[in-house]
Amino acid sequence: KDKLWREVKRITRERHGTTCYTCGATGLEGSNLQSGHGKTMGALPLRYKYDIRNIRVQCLRCNIHMGGCQDIFIAKLEQEEEGLQFLNEACYLDEESNAWRIKGGDTMGGKDATIFIQNLLAEYKTISYDNKHN
């Protein structure tokens, strides 16, 4: 999981640079350069915990002190093709509250979880982005 998370962080930084997705702070570095989630990692089934469609660069303030700025984050994901695709796969839109709720059910453990993580790590290692075109 640690190796996979390192790849997720690398991809996120290559794709999205050093500008906070939610507040727009620029030039993020060190501990102020975070990888935040639109839908929190802890609440998601394993299949979506490391999904790069749900992860963007955030500053420490937005990601940690402001709880990820979930409303802003989700509103921005809804405006992106891959973000909306993620939301539609991992969640459902609760008509009553007009909020995205995580779909239940998709439990994976043991050998299946290990194989899933190994396969995702191998896939992510092949991803490279040219920052000049983002």
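Keep in mind that this is a model prediction, so the values were computed, not measured. (Residues numbered from 1 in each chain as written. Predicted model: local features only at pLDDT ≥ 70, side-chain atom pairs only at ≥ 80, totals over all residues. Heavy atoms only, no water.)

1. Details of the side chain of K39
Which entries qualify depends on this criterion: Starting at the N terminus, helices and strands are each numbered in turn, a helix being any DSSP run of H or I of at least four residues and a strand any DSSP run of E of at least two. Any residue under 20% of the maximum accessible area for its type is buried, any over 50% is exposed, and the rest in between are partly exposed; the area is computed with a 1.4 Å probe on protein chains only. When charges are tallied, Lys and Arg are placed among the positive residues and Asp and Glu among the negative ones, while His and the ends of the chain are skipped. The rule for a salt bridge is simple: a side-chain nitrogen of Lys or Arg has to be within 4 Å of a carboxyl oxygen of Asp or Glu. Any two residues having at least one pair of non-hydrogen atoms within 4.5 Å are treated as being in contact.
Of note, K39 is situated in the loop between β1 (34–37) and α2 (46–49). Despite its burial, K39 pairs with no opposite charge; the closest candidate is D71, at 8.2 Å N-O. Apart from residues lying up to four places away in sequence, K39 is in contact with L44, N54, Q70, I74, F86, L87, C91, W100 and I102.

2. Thoughts on helix α6 (residues 110–125)
Under the convention used in this document: Helices are assigned an expected span. That span is 1.5 Å times one less than the residue count. As used here, the arc is the angular range of directions from the helix axis to the C-beta atoms.
Here α6 contains 16 residues, and its C-alpha end-to-end distance of 23 Å stays within 8% of the 22 Å for a straight helix at 1.5 Å per residue. For α6, the set of buried residues is A113, F116, I117, L120, L121 and Y124. Projected down its long axis, α6 shows its buried positions confined to an angular sector of 130°, all on one face. Opposite the packed face of α6, turned more than 90 degrees from it, sit the exposed residues K111, D112 and K125. Structurally, α6 contributes buried residues whose contacts are with α1 (2–16) and α2.

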